[in-house]
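For reference, the chains in residue letters:
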2 protein chains.
Amino acid sequence: MKIAIMGYGTIGSGVAKVLTENHKLVKKNVGEELDIKYILDLRDFPEDPHRDKIVNDIDAIINDPEVRIVVETMGGLHPAFEFVKRCLEAGKSVTTSNKALVADYGVELQEIARKNHAGFMCEASVGGGIPILRVLDTCLTADLIEEISGIVNGTTNYMLTEMEKNGTDFETVLKDAQNKGYAEKDPTADIEGFDAARKIAILTSIVSHHNVDFNEIPVEGITGISVRDIGYAKKMNMAIKLIANATRENGSYSLRVAPYMIKNDNPLYSVNGAFNAIFVKGNMLGDSMYYGSGAGSIPTASAVCADIIALAKKIDEPEYEFYWDSNNLKLADPGKTKCRFFVRADTTKTTKNEAENMFPDAEFRESIYDNEISFITGKYQDEEILNRLNRLKGVIQKIRIKE
Amino acid sequence: MKIAIMGYGTIGSGVAKVLTENHKLVKKNVGEELDIKYILDLRDFPEDPHRDKIVNDIDAIINDPEVRIVVETMGGLHPAFEFVKRCLEAGKSVTTSNKALVADYGVELQEIARKNHAGFMCEASVGGGIPILRVLDTCLTADLIEEISGIVNGTTNYMLTEMEKNGTDFETVLKDAQNKGYAEKDPTADIEGFDAARKIAILTSIVSHHNVDFNEIPVEGITGISVRDIGYAKKMNMAIKLIANATRENGSYSLRVAPYMIKNDNPLYSVNGAFNAIFVKGNMLGDSMYYGSGAGSIPTASAVCADIIALAKKIDEPEYEFYWDSNNLKLADPGKTKCRFFVRADTTKTTKNEAENMFPDAEFRESIYDNEISFITGKYQDEEILNRLNRLKGVIQKIRIKE
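Residues numbered from 1 in each chain as written. Chains lettered and ligands numbered in written order. Predicted model: local features only at pLDDT ≥ 70, side-chain atom pairs only at ≥ 80, totals over all residues. Heavy atoms only, no water.

J.: Please give an account of the packing of helix α1 (residues 10-21) of chain B against helix α12 (residues 297-313) of chain B that cites residues and values.
T.: Residue and element names in this part refer to chain B. It is at 8 Å that the axes of α1 and α12 come closest, and there the two elements cross at 65°. Between α1 and α12 the crossing geometry is right-handed. Between α1 and α12, the contacting residues are Thr-10, Ile-11, Gly-14, Val-15, Lys-17, Val-18 and Leu-19 on the first element and Ser-297, Ile-298, Thr-300, Ala-301, Ser-302, Val-304, Cys-305 and Ile-308 on the second. Its residues assigned to classes, the contact of α1 with α12 shows nine nonpolar, five polar and one charged. (Axes fitted to C-alpha atoms, helices over the stretch in contact; angles between N-to-C directions. Helix = DSSP H or I, 4+ residues; strand = E, 2+ residues; numbered from the N terminus. Left-handed = near helix turned anticlockwise from the far one by under 90°. Contact = heavy atoms within 4.5 Å. Nonpolar A, V, L, I, M, F, W, Y, C, P; charged D, E, K, R; others polar.)

J.: Got a sec to walk through the nonpolar core? Specific residues and values, please.
T.: In terms of nonpolar packing, the biggest core is built from 205 residues, with A:Ile132, B:Ile132 and B:Ile308 touching the most fellow members. Considering every element that reaches this core, the biggest residue donor is α12(B), with 10 residues. Core analysis: the next-biggest nonpolar cluster, separate from the first, contains 31 residues, A:Ala16, A:Ile54, A:Ile69 and A:Ile308 among them. (Core = buried A, V, L, I, M, F, W, Y, C linked by side-chain atoms within 4.5 Å. Buried < 20%, exposed > 50% of the residue type's maximum accessible area, 1.4 Å probe, protein only.)

J.: Any details on the pattern of salt bridges? Residues and values, ideally.
T.: According to the stated counting rule, one finds 56 salt bridges over all chains in the structure shown. For the salt bridge of A:Arg134 with A:Asp307, the shortest nitrogen-to-oxygen distance reads 2.7 Å. Taken together, the residues span a long stretch of sequence, with A:Arg134 in helix α6 (residues 133-139) and A:Asp307 in helix α12 (residues 297-313) at a distance of 173 residues. Owing to a relative accessible area of 4%, A:Arg134 belongs among the buried residues under this scheme. On the basis of relative accessibility, which here comes to 0%, the residue A:Asp307 falls in the buried class. When the shortest N-O distance is used, the salt bridge between B:Asp176 and B:Lys180 registers 3.4 Å. Under the relative-accessibility criterion, B:Asp176 is labelled partly exposed at 24%. Connected via shared salt-bridge partners are A:Glu220, A:Arg256, A:Asp382 and A:Arg400. (Salt bridge = Lys/Arg side-chain N within 4 Å of Asp/Glu carboxyl O.)

J.: Explain the domain arrangement of chain A residue by residue, including any values.
T.: Residue and element names in this part refer to chain A. One can read the domain layout of chain A as domain 1 (2-128 + 297-328), domain 2 (133-293) and domain 3 (338-402). A separation of 24 Å is found between the C-alpha centroids of domain 2 and domain 3. In this complex, domain 2 contributes 22 residues to the contact, which on the side of domain 3 involves 16 residues. When the two sides are added together, the surface that domain 2 and domain 3 hide from each other amounts to roughly 1700 Å², 59% of it contributed by carbon and sulfur. It is Arg-228, Tyr-232 and Met-261 in domain 2 that bury the most area against domain 3; as a group they hold 38% of the surface buried on that side. Our enumeration of links across domain 2 and domain 3 arrives at six salt bridges. A salt bridge links Lys-402 to Glu-147; the shortest N-O distance between them is 2.7 Å. A total of six residues in the side of domain 2 that touches domain 3 trace back to one element, the largest contributor, which is strand β10 (residues 252-263). (Domains from an automatic or database assignment. Buried area = accessible area lost by both parts, 1.4 Å probe.)

J.: I'd like to hear about the sheet that holds strand β1 (residues 2-6) of chain A, residue by residue, with values.
T.: Residues and elements named next belong to chain A. Taken in spatial order, the six strands make up an open sheet running β3-β2-β1-β4-β5-β6, and their pairing is parallel. In this open sheet, the two strands that pair with only one neighbour each are β3 (54-55) and β6 (120-121). Across five bridges, the pairing between β1 and strand β2 (residues 35-40) is parallel. Within the sheet, the bridge partner assigned to Ile-5 lies in β2 and is Ile-39. (Pairing = 2+ DSSP bridges.)

J.: Can you break down the interface of chain A and chain B residue by residue, with the values?
T.: Taken residue by residue, the interface counts 40 residues in chain A and 40 residues in chain B. Counting the surface lost from both chain A and chain B, the interface buries some 3400 Å², and carbon and sulfur atoms represent 59% of this. The largest contributions to the chain A side of the interface with chain B come from A:Ala142, A:Met284 and A:Tyr291, which together make up 19% of the buried area. On the surface where chain A and chain B come into contact, there are two salt bridges. A:Glu319 is the partner of B:Lys314 in a salt bridge, and the nearest nitrogen-oxygen pair spans 2.1 Å.

J.: Which residues make up the pairing of strand β11 (residues 275-282) of chain B, and what are the values?
T.: Residue and element names in this part refer to chain B. Within β11, six of the eight residues are buried, which leaves it mostly tucked inside the rest of the structure. As judged from the eight bridges shared by β11 and strand β12 (residues 286-293), these two strands associate in the antiparallel manner. If you follow Gly-282 over to β12, its bridge partner there is Gly-286. Hairpin connection between β11 and β12: a loop of three residues separates the two successive antiparallel strands.

J.: Explain unusual backbone geometry residue by residue, including any values.
T.: Residues and elements named next belong to chain A. Cis geometry marks the peptide bond from His-78 to Pro-79; its omega dihedral reads 10°. Along the chain, the position of Pro-79 falls in the loop between β4 (67-72) and α4 (80-89). Phi is positive for Asn-250, close to 50°, though the residue is something other than glycine. Along the polypeptide, Asn-250 turns up in the loop between β9 (238-249) and β10. Overall, Asn-250 belongs to the exposed group, its relative accessible area being 79%.

J.: Give me the lowdown on the environment of A:Tyr182, citing residues and values where you can.
T.: Residues and elements named next belong to chain A. Along the polypeptide, Tyr-182 turns up in the loop between α8 (170-179) and α9 (188-191). The exposure class of Tyr-182 is partly exposed, given its relative accessible area of 43%. Residues Tyr-182 and Gly-296, 114 residues apart in the sequence, show an inter-C-alpha distance of 8.8 Å. Excluding residues within four positions of it along the chain, Tyr-182 makes contact with Thr-155, Tyr-158 and Ala-177.

J.: Can you lay out the sheet that holds strand β1 (residues 2-6) of chain B for me, pointing to particular residues and giving the numbers?
T.: All names here are of chain B. Here six strands make up an open sheet; going across it, the order is β3-β2-β1-β4-β5-β6 and the pairing parallel. Only two strands of the sheet have a single neighbouring strand rather than two, namely β3 (54-55) and β6 (120-121). In terms of strand pairing, strand β2 (residues 35-40) meets β3 through two bridges, oriented parallel. Within the sheet, the bridge partner assigned to Leu-40 lies in β3 and is Val-55.

J.: Quick rundown of the packing of aromatic side chains? Include the residues and the values.
T.: Going through the model one piece at a time under the given rule, you end up with 16 aromatic pairs over all chains. Between the aromatic rings of A:Phe275 and A:Tyr291, the centroid separation amounts to 5.0 Å while the plane-to-plane angle is 5°, which identifies the pairing as stacked. Taken together, the residues A:Phe275 in strand β11 (residues 275-282) and A:Tyr291 in strand β12 (residues 286-293) connect sequence positions 16 residues apart. Exposure remark for A:Phe275: the relative accessible area of 23% places this residue in the partly exposed category. Relative to B:Phe45, the ring of B:Tyr8 lies with its centre 5.0 Å away and its plane at 90°, an arrangement referred to as edge-to-face. (Phe/Tyr/Trp six-rings, centres within 6.5 Å; stacked < 30°, edge-to-face > 60°.)

J.: Tell me what's going on with the pairing of β4(A), and back it up with residues and numbers.
T.: Residue and element names in this part refer to chain A. Within β4, five of the six residues are buried, leaving the element largely enclosed by the surrounding structure. Relative to β4, β1 is paired through five bridges, and the arrangement is parallel. Across the sheet, residue Ile-3 finds its bridge partner in β4, namely Ile-69. Note that β4 and strand β5 (residues 93-96) share four bridges and pair parallel. If you follow Glu-72 over to β5, its bridge partner there is Thr-96. With respect to chirality, the unit in which β4 leads through α4 into the neighbouring parallel β5 is right-handed. (Right-handed = clockwise from strand over helix to strand, strands pointing away.)

J.: An account of helix α10 (residues 194-208) of chain B is requested, with residue identities and associated values reported.
T.: Residues and elements named next belong to chain B. Over its 15 residues, α10 runs 21 Å from end to end, which matches the ideal 21 Å to within 8%, given 1.5 Å per residue. With 14 of 15 residues buried, α10 lies mostly within the body of the structure. Of the residues one or two after α10, His-209 is the one with positive phi, at around 65°. (Expected span 1.5 Å × (residues − 1).)

J.: Got a sec to walk through the environment of A:Asp316? Specific residues and values, please.
T.: Residues and elements named next belong to chain A. With respect to the element layout, Asp-316 can be found in the loop between α12 and β13 (325-328). A residue is classified by how much of its surface remains accessible, and Asp-316, at 54% relative accessible area, is exposed. Excluding anything up to four places from it in sequence, Asp-316 contacts Arg-68 and His-117. Of note is the side chain of Asp-316, whose polar atom sits 3.3 Å from the side chain of Arg-68. (Polar contact = N/O pair within 3.5 Å; in protein donor to acceptor, adjacent residues only side chain to side chain.)

In structure tokens form, the structure reads like this:
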């Protein structure tokens, strides 16, 4: 069995490493030898053990009938989409770790794969090494999924953990994360929550079997979270995490990406650093959680290689487990979802009385800072609380609380 | 598609409930209607909605060619083994939640299934509703599994959690657990660790592809754990959990079931009450954990029903994913595994000096009780530490520490 890797960056080189280091194990699980024949990249890698496999032209892969499986680890939308499409049309099975590609073109690529009797898998596109797509699609099949709540972005989780542990402010932590390679030079997709939105869109597509347009998901990042907010959370035995949430409502799902305060009895509470975890609630199973390395070259490559093995075992009869159709899922209105907010307000601009008038059932908390009041609202529809907070003067911060 | 349920107790009735409540979803996932035709039980259930399906004779199921899938939820070894064997020989696929059956006869039943072109699955036999067998067998396929550490017995975890939370002693908690139905009248299998041993044997069989004889696993239960021990653990930011462990050593696995102290940065630390969790470390993936309801009628039935759906989808071409062969895995000597122990000793029988002579690199801890010293040993082979502890007078307690 010959394979090709498109994109020899962090994950692509990890795939080569996993296949080399666990060569015997992979061979045993596939049932035959599995070799990398080509690595597509525009760069040269003169010192690399696989340097003689580097090609610069996709046609080398497309035109070689010996290559049955292609790994897409280029990232980005173009030319990743065109290359994957051409591979599938040539009857080659594909696995990708590219969440942008899967969120934008997943349904189209699955249809092309079916038409051409090729396999298509994308386990590593969500949660890095954590087996979550397969768990949702082939294990939790007897359950109606009532909720998915994921810490699915390692960069922001690392940053929030550092802020909590060391009291470092957002800007300093971001620079540190960039220096360490945990955050990209342009960190927008991570810190503004767009990466997490793509991932919860993919997860919801799998459980609903319909396409979810991630552009419809309301997204708040962590740029507004301060060390002070984290201090309040700590005092209430809570932590602040960027959560990508899908909650079943009225036969559909309500989706949101936002920072949430979560209590210390929630299994997501202790997911720290660059780790990811996905909480899944089934109507029969109840609570479950899947935890592991959500990023990093080798853990993510481990999931890509598990896909390669699964594709190789069914190379002549590919299965279409992750299939969802092109009808966009009509999302439930997230503004109608009921929740509580934690609120901080400036007492030079408002009073406890005014806050109590707006939120008669608010639970006031001891303030850590001068000229501040803090409280937890009662449980109302999201839009109703935001509406009232808009009318209250001096609101410094508002963070949803995860039940 | 017609199915039969053998044993209409806690889990069997849960299976009927899940199939009824999620009827539409199951039909969609199977691709056709799935109906319960028979329920085998010696008892009558005059008030039950499925009362007209109750049969008392296994032959009704065996002789009906319409029944393609049989669910074994009787528990115990006999006649469960004989009944499952007969079903498989009649070409019917079987799923079982019975860990004793799988640990004792799993390899034999899988061979009978293969010979008769029938499917055999047992996801619910370990970790209740948590999808762990399928995760190990079909998701983590590119990894050499270096460690599995599971909290796989809900009864003992519930008891240890209650002891920690309320300071209640072992005997009282056990009676309470029995009254609430969490512990059986004869609690031996749970509290002495035998149930956990069967489960880690099954998990190790899956990752090693060889049969693991659970009788070879050294087992210590929780009967020796006192509220005082838990108090010491708390003071060190640790918890005491009954862990079923398999660690890769010298090309095999070293297995042990015992109470361990685990630190608060370990993902197993916050697994409380009747919940189960299985920590899995792959040589590429790194740390991962799978958490959920390890017992209970409906969560366990959810896993059985997922098996039913998987069997139904491949009814004419069953897959043998969980296959392990009948060669007993030669286990690595657990006495050679290196670890640390927490030790309490009676100062009316020994002195700190004597303890220091025996363990020169011991870290002494502040004692909570009069006439006691407590310390953590250096890291040595398990048998070496036990050997020295045997020679030290006045040892009250010794508990391994999970790294």
